[in-house]
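A look at the structure
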Amino acid sequence: MREGMLSRLGLSTTQTKGSLAGWIIALLPLSFFVFFCTLIEPVAMGEPIRISYPWIPSLGVELSFLIDGLSLLFALIISGVGTFIIIYAGGYLAGHHQIGHMYTYLILFMISMLGLVLSDNIISLFVFWELTSITSYLLIGFKHEYQDSRYSALQALLVTGAGGLVLLAGLILLGVVGGSWQLSELFGRGEAIQDHELYLPMLILVLIGAFTKSAQFPFHFWLPNAMAAPTPVSAYLHSATMVKAGVFLLARLTPVLGGTSTWFFILTIVGGITMVMGAFLAIFRTDLKSILAYTTINGLGTLVFLLGLGTELAIEAAIVFLMVHSLYKGALFMVAGSVDHETGTRDIRELGGLGKYMPITAVAGGLAALSMMGMPPFLGFVGKEIIYKSAFGVAEHHMFLIMLAVLAMAFVGKVLTGVSAGLVTVSPFLGSKTTTPKNPHEAPISMWLGPVVLSALGLLLGLSVAFSKGLQDMIVAPAMGAVLHEHEVHAKLALWYGTEPETLMVFGLSMLTIVAAIGIYIRGRGTFASISQRVTMPWNAEQGYQFALNGMQSLARWQTRVLQHGYLQGYLLVVAMTLAGFGGLAFFSQVGLVAPVWSPQFPMVHEWLIAGMMLVATVLTIRLDSLLGAIVALGVVGYAVALIFILYAAPDLAITQFSIETLTVILFVLVLYRRQTITHLLEEEIARDSPAKRIRDLLIAGSVGVFITSIMLAITSEPLVSELKHFFAEESVPHGKGHNVVNVILIDFRGLDTMGEITVLGVAAIGVYSLIKLWFARDAENNTS
Amino acid sequence: MKISFSVILSTATYYLLPLMLLFSVYLLFRGHNEPGGGFVGGLMASAAFGLEMIAYGVNSARRELRVHPTTLIGTGLLVAVSSGFFALFEDQPFMTAQWWYDEKLPVIGKPGSPMMFDIGVYLLVIGIVSLILFSLADETEQIQEA
Amino acid sequence: MESLLAFVVGGLYAGGIYLMLRRSMIKLIFGLVLLGHASNLLIFTVGRLTSDQPPLVPDGAETLTEPFADPLPQALILTAIVIGFGMQAFALVLVKRMFLTARTDDVHAITTTDTF
């Protein structure tokens, strides 16, 4: 209902074409956000909230929602960021003729995403998961008049859609092995599931689904391409929310699937590679959105990596980083969009000195970038410290070497992210003014409000940990508790952890990161772009995607050529041979030949006569050269069938068959009467097929006949046990209130079937009617013109 | 097929048509207890119109039917489908039989939603068969004229 | 009688399929009609034959007493007969249209939709 109303509201805004509609529509996500805020305290204090509606009870599918710390955090991010995105979109796309579509898709996406994170049932979770893929497709393809837009949209859909299918397989395995479709019930069965022999396939399937959605290596390539979408979409779906669905799923399933060494190695290796690769590739980009896209890949890799580590500290780091990332990345994307909107370019080589012209946007971008670099006292700093702490903590569980590798990956990732932060803010806003396609000026309030609030939150939340425990106790700890499936979880957030050697080491590393990032930025900023132009990758994952896509298409072409050749006889031959061949093989190997039974009563003379008449008429239908003769022979078969119905106690069938047979003759005469040409063709037909071909057809048709006869002999040699026969005989009078059992079945017991059948009849009749009438109309048109 | 070729056929049809239609209605209503029903009754009625068509031409048969066959198809389907909705008012599953009068009435039997369904089938079958026959006859005439 | 009908049905199936494999469209329809009869008879026979009592409950009685004919296959076949008629009519008109357009009833001559 809500979606329908909004789409109408969204559509109606096409007339106003202003950003005002954005402000009004933003009230919806805002009201969600406020609603979720009221749940923070109850969830933090007590049990998770469960709401459930039956959906497909026979399959165990319910529409049930689970609001615990983790889903609440995501819901807050989705609705909170969504509010500003809607407002921003109103400004960014002001005057666009399809801005109504944008609002509609965004709201649809938000609802799907909320459904995804709040689902308790894994099947409904999957349905929402796919809905986010579909809305993402619509949103990436928003500028559908551009080919690269359509290409990127399709690519994102195919990659995430294929991943979704794999995920479905994994989730079904999970549901079957775990014996429940409810996440809240599965949480307690983690150990049993992990001991099951299907654990590994299940894990791999689920992980592929999550990795495609969250753009993990080697499925990361779709995300930079998805930047073809308008910036509000990139900011919302492809940094703050949708791409985190995979991360969410991993976090959600941590109590069920996590904690094994397989989980640890796959997640840390894939996450680590993604993290370092994303950060590394980002600094060689020159397009603002492209840099941000690669740093998003880095951020997603970091989250997967932390979930892979799986320690309490690592989970805490993941939760905090999730918030940090959504805040600064959402803000930076919007800043990049504003820069693009006001100057007409996103190339950092063409941008500079914008700070004077767009001061508010510049401040917002600067704050977000500082959080991204991890500068104290921003929330980004808090997040980075816990990441390093958890990396050191690996030593408690694993070898020292692994700890070093983990630490090195985290460090490299963080330093390069810092460099990117410089690239996207220092380069465009500081330095000397450059000439841009448009003369820059400050963006409207709808476009700076979001970045300012989000980046300011990054600073305020960072400051808040120094004097308040609100964030750690109300948000972080409940979310950690949900991921770890424990009640007593303590989070500890601080800007300064004291002077113990270990914390000093973490602090030192944190400061070193910032220094290194600044150093690399200053030394290298001019050269990165030129390096990227000289070095081209010999192979990348996108080529793999292309290869697979082309392969699939040529396979489809080949298969169409082989199977869909257009010769009707070919199709029929395949069907007949399959029936006689495979059916016969199965039948004769299992049952074998059954001799005809001539007891209790040998067929009487009239029965032999009818049977003989039918066979002779069949042969005549085939052999007769005259059309009329063939029609008569066919009629004989039909009337003989009616005779059989009379003889064997089926009066209803007999009347129907007689009427239909009469109508059929009228029909044939009407259609074929005076069509000598067709009659003539019948004679010609005999010359058309070679004798060899006719013998082949006869053999195939004959073997189908033999197969059918053998089956019938086998079936009728056993006595029939039919409960239905007696059910209908007994229920017809008391419940159907009719004495003709056949009629009662037709119009009462199986009335729904009959309804379907009469509908088919109606469609066939209208088909006949339109075939004739439409052609008349066409002929008449041809004649007059 | 504008004028009949046979006086006997046209005279016989003149008297047969009402009789056949009456008989088809009889078949329809008695179908619940004896051989017959909507399908058979509908076929019988459309055979009557087919006869009329052969004897007097398709336009005469069309006049005799009075409504366009597609209207009959639509009405029949509507009647059949709506008979299922009565059960919903009683909070029973769609198409559960509802009886409105427990005594067996002469000729038509027990009135209820199954009977209504059968009437829908009857109308629909008449519509389908006459639509097919009339369309084909139309075409034959046009081709002959051309 | 069931065994005898088994052979008849087998013959009808063979004849129907042989006709459908011919290049003439008209024969294709003849084949369809034969297959329709064959399938109806198959269901009818497999539901067992009895010449004793049709599935009509006598007046005054509440239920049928054995032996009586199985009503279920009869109900299935009844609609199948009528649907078969509708399909036949549609196929006939389609073939006629095809013939008038393409001036052939050879299925080999119409392997593509693009030429007309």
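Just so it is clear, the model here is predicted, and its values are computed rather than measured.

Details of the overall build of chain B
Of the regular secondary structure elements, chain B holds six helices and zero strands. When the helices and strands of chain B are listed from N to C terminus, the series reads α-α-α-α-α-α. A buried classification covers 52% of the 146 residues belonging to chain B. A separation threshold of at least 6 residues defines the contact pool for chain B, and within that pool the share at least 24 residues apart is 65%. Per element, the accessible surface of chain B, about 6,800 Å² overall, is 67% carbon and sulfur.

Digging into the interface of chain C and chain A
Between chain C and chain A, the contact holds 86 residues from the first and 99 residues from the second. Across the chain C/chain A interface, buried area totals approximately 8,700 Å², and carbon plus sulfur atoms make up 77% of it. Looking at the side of chain C facing chain A, the largest losses of area belong to C:Tyr18, C:Leu21 and C:Phe30, adding up to 8% of the total buried there. Across the contact surface, chain C and chain A share one salt bridge. With a closest N to O distance of 3.0 Å, A:Asp697 and C:Arg22 form a salt bridge. At the junction of chain C and chain A, the tally comes to 14 residue pairs in polar contact (both at pLDDT 80 or more). For the side of chain C that touches chain A, the leading source of residues is helix α3 (residues 71-102) of chain C, giving 23 residues.

Considerations on helix α12 (residues 231-240) of chain A
With ten of ten residues buried, α12(A) lies mostly within the body of the structure. Taken together, the buried positions of α12(A) are occupied by A:Thr231, A:Pro232, A:Val233, A:Ser234, A:Ala235, A:Tyr236, A:Leu237, A:His238, A:Ser239 and A:Ala240.

With respect to the interface of chain A and chain B
The interface is formed by 39 residues belonging to chain A together with 47 residues belonging to chain B. When the two sides are added together, the surface that chain A and chain B hide from each other amounts to roughly 3,800 Å², 76% of it contributed by carbon and sulfur. When residues of chain A are sorted by the area they lose upon contact with chain B, A:Leu670, A:Lys737 and A:Ile747 head the list and together hold 18% of the total. At the boundary of chain A and chain B, one finds one salt bridge. Put simply, chain A and chain B have ten residue pairs in polar contact (both at pLDDT 80 or more) between them. Among the secondary structure elements, those contributing two or more residues to the side of chain A that touches chain B are α27 (651-672), α30 (723-736), α31 (741-749) and α32 (751-784) of chain A.

Some thoughts on unusual backbone geometry
With an omega of 5 degrees, the peptide bond between A:Phe217 and A:Pro218 qualifies as cis. Within the secondary structure, A:Pro218 sits in the loop between α10 (199-213) and α11 (222-225). A cis amide bond, omega 0 degrees, links A:Pro376 with the succeeding residue A:Pro377. Inspection of the secondary structure assignment puts A:Pro377 in the loop between α17 (359-373) and α18 (379-393). Despite not being glycine, A:His485 has its phi angle at roughly 55 degrees, a positive value. Position of A:His485 among the secondary structure elements: in the loop between α21 (470-484) and α22 (501-534). With a relative accessible area of 43%, A:His485 lands in the partly exposed category. Of note in this structure, C:Arg48 is not a glycine but carries a positive phi near 70 degrees. Relative to the elements of secondary structure, C:Arg48 occurs in the loop between α2 (25-46) and α3. We classify C:Arg48 as buried; its relative accessible area is 18%.

Considering the pairing of strand β1 (residues 49-56) of chain A
Note on strand geometry: in a regular strand, side chains alternate between the two faces of the sheet. Residue and element names in this part refer to chain A. Relative to strand β2 (residues 61-67), β1 runs antiparallel, the two being bridged by seven bridges. Across the sheet, the residue bridging to Ile56 is Val61, located in β2. Two successive antiparallel strands, β1 and β2, enclose a turn made up of four residues, where Gly60 displays a positive phi of approximately 75 degrees.

Thoughts on the packing of helix α14 (residues 261-282) of chain A against helix α19 (residues 400-429) of chain A
Residues and elements named next belong to chain A. Running from amino to carboxyl end, α14 crosses α19 at an angle of 30 degrees, the nearest separation of the two axes being 8 Å. As far as their axial angle goes, α19 and α14 are roughly parallel. The way α14 lies across α19 gives a crossing that is left-handed. Together, Phe264, Phe265, Thr268, Gly272, Met275, Val276, Ala279, Phe280 and Ala282 of α14 and Ile402, Met409, Ala410, Val412, Gly413, Leu416, Thr417 and Ser420 of α19 make up the contact between the two elements.

Quick look at the packing of helix α25 (residues 605-623) of chain A against helix α26 (residues 627-647) of chain A
Residues and elements named next belong to chain A. Contact pair α25 / α26: the axes reach a minimum separation of 8 Å and the direction vectors enclose 155 degrees. With respect to α26, the element α25 is oriented roughly antiparallel. Of the two possible hands of crossing, α25 and α26 adopt the one that is left-handed. Residues His606, Ile610, Met613, Met614, Ala617, Thr618, Leu620 and Thr621 of α25 form the contact with α26, whose participating residues are Ala630, Ala633, Leu634, Val636, Val637, Ala640, Val641, Leu643, Ile644 and Leu647.

So, the side chain of A:Thr343
Residue and element names in this part refer to chain A. Following the sequence through the fold, Thr343 ends up in helix α16 (residues 312-343). Within the structure, the side chain of Thr343 is placed 2.7 Å from the backbone oxygen of Val339, a separation counted as a polar contact. A polar side-chain atom of Thr343 sits 3.2 Å from the main-chain carbonyl oxygen of Thr345. Non-local contacts of Thr343, meaning those with residues more than four positions away in its chain, are made with Leu351, Leu354, Thr436, Pro437, Lys438 and Pro440.

Let's talk about the confidence of the model for chain A
The predicted model of chain A averages 85 in pLDDT, with 94% of residues at 70 or higher. Every residue in residues 1-17 of chain A scores below 50 in pLDDT, and together they form 28 contacts with partners more than four places removed in sequence or on other chains.

Considerations on a nonpolar patch on the surface
Residues and elements named next belong to chain A. On the surface, Leu20, Trp23, Ile24, Leu27, Leu30, Val34 and Ile445 cluster together to form a nonpolar patch covering roughly 650 Å² of accessible area. When residues of the nonpolar patch are traced back to their parent elements, those giving at least two are α2 (20-25) and α3 (27-45). With respect to the element layout, Ile445 can be found in helix α20 (residues 445-467). Judged by relative accessible area, which is 44%, Ile445 ranks as partly exposed.

Thoughts on the environment of A:Ile518
All names here are of chain A. Within the element layout of this structure, Ile518 appears in helix α22. Using a relative accessible area of 35% as the deciding quantity, one classes Ile518 as partly exposed. Taking the C-alpha atoms as reference points, Ile518 and Val419, separated by 99 residues in sequence, lie 6.6 Å from one another.

Digging into the side chain of A:Lys244
Position of A:Lys244 relative to the elements: it lies in helix α13 (residues 244-257). Looking at A:Lys244, its side chain comes within polar contact range of the main-chain oxygen of A:Ala240, at 3.4 Å.

Remarks on the nonpolar core
Residue and element names in this part refer to chain A. Residues Leu174, Trp222 and Leu257 are the most contacted members of the largest nonpolar core, which totals 194 residues. Sort the elements by how many residues they give to this core and α16 lands first, with 19 residues. Setting aside its immediate chain neighbours within four residues, Leu174 contacts Ile122, Gly179, Leu186, Ile193, Met202, Leu253, Val256 and Leu257.

Scoring rules and cut-offs
Residues numbered from 1 in each chain as written. Chains lettered and ligands numbered in written order. Predicted model: local features only at pLDDT ≥ 70, side-chain atom pairs only at ≥ 80, totals over all residues. Heavy atoms only, no water. Helix = DSSP H or I, 4+ residues; strand = E, 2+ residues; numbered from the N terminus. Buried < 20%, exposed > 50% of the residue type's maximum accessible area, 1.4 Å probe, protein only. Contact = heavy atoms within 4.5 Å. Areas by Shrake-Rupley, 256 points an atom, 1.4 Å probe, with all protein chains shown as cover. Buried area = accessible area lost by both parts, 1.4 Å probe. Salt bridge = Lys/Arg side-chain N within 4 Å of Asp/Glu carboxyl O. Polar contact = N/O pair within 3.5 Å; in protein donor to acceptor, adjacent residues only side chain to side chain. Pairing = 2+ DSSP bridges. Axes fitted to C-alpha atoms, helices over the stretch in contact; angles between N-to-C directions. Parallel < 35°, antiparallel > 145°, perpendicular 65-115°, else oblique. Left-handed = near helix turned anticlockwise from the far one by under 90°. pLDDT = per-residue confidence, 0-100. Patch = residues over 30% accessible without salt bridge, like charges linked within 9 Å, V, L, I, M, F, W, Y side chains within 5 Å. Core = buried A, V, L, I, M, F, W, Y, C linked by side-chain atoms within 4.5 Å.

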